[in-house]
Amino acid sequence: MPSRISGWGRYPWIEAQIAVADTTSAARKHLLAWPDCIARGAGKSYGDSALSQNVLQMTPLNRILAFDADRGEVVCEAGVGLDKLIDAFLPKGFFLSVTPGTKQITVGGAIASDVHGKNHHRCGCFSTCVNWIDLMSAAGEIIRCSPQQHPEIFQATCGGMGLTGIILAAALRLQPIKSAWIDQKTIYCRDLDAVLAAFDEFADMPYSVAWIDCLAKGACLGRSVLMVGEHAGCGGLSLPEKPTATIPFSFPNGALNSASIRLFNTAYAWVHRRHAGESRVSLDQFFYPLDGIANWNRMYGNRGFLQYQFVLPRSGGADGLLAILSAIAGMGMGSFLAVLKLFGPANRNFLSFPMDGYTLALDFGIQPGLLPFLDRLDRLVARFGGRIYLTKDVRMAPWMLKEGYPLLDRFLQVKRSIDPHNRFRSLQSNRLEIA
Ligand SMILES: Cc1cc2nc3c(=O)[nH]c(=O)nc-3n(C[C@H](O)[C@H](O)[C@H](O)COP(=O)(O)OP(=O)(O)OC[C@H]3O[C@@H](n4cnc5c(N)ncnc54)[C@H](O)[C@@H]3O)c2cc1C
């Protein structure tokens, strides 16, 4: 029976046939029976990348298969959640080498999006810590790929949004750590120049991220709070128990409007200005603040929301950010969550998002006028040589993908060689004409 599903942004919703991949042979059976399909992990990508009429649910394939403490290498199935890896290995003194802002995602989803964390400027994307991947091709064969073995398939699969095949299992390198705590420093930055200078000043810190008030105008444009951190050397390896709050129902449409966002932003900036300085916070508080509020995506109402995340190259990036923030403040289209990060160099994967420069992620409730406004921002992003993150995307046009991803043709060559009939498809890949 078809089920109604969406991405994390709850826009769009579709009816889909969902099959459970609880074994490798079940995955193969469904793959070969369907004309096309897409794999789905925890459904935490915002847009339409894990949506299709036939969806293979990968979360039941969730066993940790082996661990080599000398090498810090864990072998696991692709449906394992990052939270399960943390629960299993933090007490042994190991943590993920790269983690996004939620631990409620799967290893398959992390590889397919080649996710980045607060340490991209030092460590790169998730693929940096992937030793190998077992991938099921459109023909049902299992291909082991790595930077050494079938390197082009590896480069197409990391960041390839599930379009090269089904990731069944992977070997990951974890980093050794001494504590479940992070030593954090909070720096209040009065405008955009100040926060970009602060990113450079603290570039040696392993982790950094800034919250930016995207409604601030004039002399305050780019007003931000930068948080930098490093693993503490003591404090123990267990995480403190933390209650989870829940948003029990969808807020009324429009409850998060520019007035409420302006109020929140002003209060947030004021509090952090007063409490700037050093503190010790748990890994959960530092990396996953939003995981403490279950179903927070309901705050945007039944119309849903999207995240617009772009990256601009360092050269000209500051001017580009200025132009884009001015456009947002001018439209009054405030974002509740606006996160700025500094990226290090791009990797060799064909569709990985990061490049040396600045990335800004903005959440917008779906509302009249939003999509044409984002088309306008796309043109600015393209003019400044940037690109849009596929795992957050739900609306960009094919020209913007081609403009931003110069290695798209190499990706397509590999996809066509292992998926000649384009059996791995999503709403996103159809919209973006990735075939
Ligand atoms: C609160 C929050 C914070 C976030 N912070 C960050 C961040 O800091 N950095 C960042 O990079 N991202 C971030 N994200 C995005 C998130 O990390 C990615 O969207 C991730 O891919 C979601 O994984 P998932 O398991 O939910 O995959 P899904 O959303 O289910 O799928 C995402 C993609 O992966 C593919 N896929 C999933 N499993 C497989 C598999 N086994 N084989 C092949 N393809 C597969 C799907 O086809 C789809 O294309 C954040 C998301 C949220 C909700």
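Everything that follows concerns the structure shown earlier in this document.
Conventions and cut-offs
The numbers attached to residues start from 1 for each chain and follow its sequence in the written order. Given that this is a predicted model, residues contribute local features only at a pLDDT of at least 70 and side-chain atom pairs are listed and counted only at 80 or more, while totals for whole chains, interfaces and linings are drawn from all residues. Values reported for side chains reflect all heavy atoms of the structure, with hydrogen atoms and water molecules removed beforehand. Here a strand is any run of E in DSSP of at least two residues, a helix any run of H or I of at least four, and the numbering for each starts at the N terminus. Throughout, exposure labels follow a simple rule: accessible area from a 1.4 Å probe, protein chains only, divided by the maximum for the residue type, with under 20% read as buried, over 50% as exposed, and the rest as partly exposed. Strands were regarded as paired on the criterion that DSSP finds at least two bridges between them. When at least one non-hydrogen atom of a residue lies within 4 Å of a molecule or strand, that residue is treated as near it. A 3.5 Å cut-off defines polar contacts: any pair of N or O atoms within that distance qualifies, except that in protein one atom must be a possible hydrogen donor and the other a possible acceptor, and neighbouring residues in sequence count only when both atoms are side-chain atoms. Working definition of accessibility: Shrake-Rupley area with a 1.4 Å probe, residue cover restricted to the visible protein chains. Charged residues are taken to be Asp, Glu, Lys and Arg, nonpolar residues to be Ala, Val, Leu, Ile, Met, Phe, Trp, Tyr, Cys and Pro, and polar residues to be all remaining types, Gly included. Axis definition: a line fit to C-alpha positions, over the contact stretch in the case of helices; interaxial angles, taken between N-to-C directions, run 0 to 180 degrees. Any angle that falls under 35 degrees is termed roughly parallel, while one over 145 is termed roughly antiparallel, one within 65 to 115 roughly perpendicular, and all others oblique. By definition, any crossing whose near helix is turned counterclockwise from its far helix by less than a right angle is left-handed, and any crossing with a clockwise turn is right-handed. It only takes one pair of heavy atoms within 4.5 Å for two residues to be counted as in contact.

Colleague: Please set out unusual backbone geometry residue by residue, giving values where relevant.
Modeller: That bond from Tyr11 to Pro12 is cis: its omega, -5°, falls within 30 degrees of zero. With respect to the secondary-structure elements, Pro12 resides in the loop between strand S1 (3-6) and strand S2 (13-20). Of note in this structure, His150 is not a glycine but carries a positive phi near 45°. With respect to the helices, strands and loops of the structure, His150 is situated in the loop between strand S9 (142-145) and helix H5 (151-157). Within the chain, Asn422 stands out as a residue other than glycine whose phi angle is a positive 50°. By the secondary structure assignment, Asn422 is in the loop between helix H12 (408-418) and helix H13 (427-431).

Colleague: For the pairing of strand S8 (residues 130-136), give the residues involved together with the corresponding values.
Modeller: With seven of its seven residues buried, S8 lies for the most part within the structure. Where S8 and strand S10 (residues 166-176) come together, six bridges link them in antiparallel fashion. The partner of Met136 across the bridge, within S10, is Ile166. Alignment of S8 against S9, held across four bridges, turns out to be antiparallel. Note on S9: the bridge partner recorded for Leu135 is Ile143. In textbook terms, the turn of a hairpin is the stretch between consecutive antiparallel strands, and for S8 and S9 this stretch comprises five residues, one of which, Gly140, has a positive phi near 85°.

Colleague: Any chance you could break down the site of the ligand for me, citing the residues and the numbers?
Modeller: Around the ligand, 36 residues are found, and the nearest of them are Ala39, Gly41, Lys44, Ser45 and Thr106. One of the backbone nitrogen or oxygen atoms of Ala42 is found 3.0 Å away from an oxygen atom of the ligand. Take Thr391: an N or O atom from its side chain is 2.9 Å from an oxygen atom of the ligand. Relative to its unbound accessible surface of 960 Å², the ligand loses 97% to contact with the protein. Elements with a contribution of two residues or more to the shell around the ligand: strand S3 (38-40), helix H3 (107-113) and S10. If one sorts the elements of the shell around the ligand by residue count, H3 sits on top with four residues. Tallied by class, residues from the shell around the ligand come to 18 nonpolar, 14 polar and four charged.

Colleague: Give me the lowdown on the sheet that holds S2, citing residues and values where you can.
Modeller: Read across the open sheet, the four strands follow the order S1-S2-S4-S3; overall the sheet is mixed. Across the chains shown, the open sheet's two edge strands, defined by having one partner strand only, are S1 and S3. Averaged over all pairs of adjacent strands, the angle between strand axes in this sheet comes to 55°, irrespective of strand direction.

Colleague: So what's going on with the packing of helix H9 (residues 317-331) against helix H10 (residues 370-383)? Which residues, and what values?
Modeller: H10 packs onto H9 with a crossing angle of 165° between their chain directions and a minimal axis gap of 10 Å. Comparing their axes, H10 and H9 come out roughly antiparallel. Here the hand of the crossing between H9 and H10 comes out right-handed. Here Ala323, Ile324, Ala327, Ile328 and Met331 of H9 come into contact with H10, specifically with Phe373, Arg376, Leu377, Leu380 and Val381.

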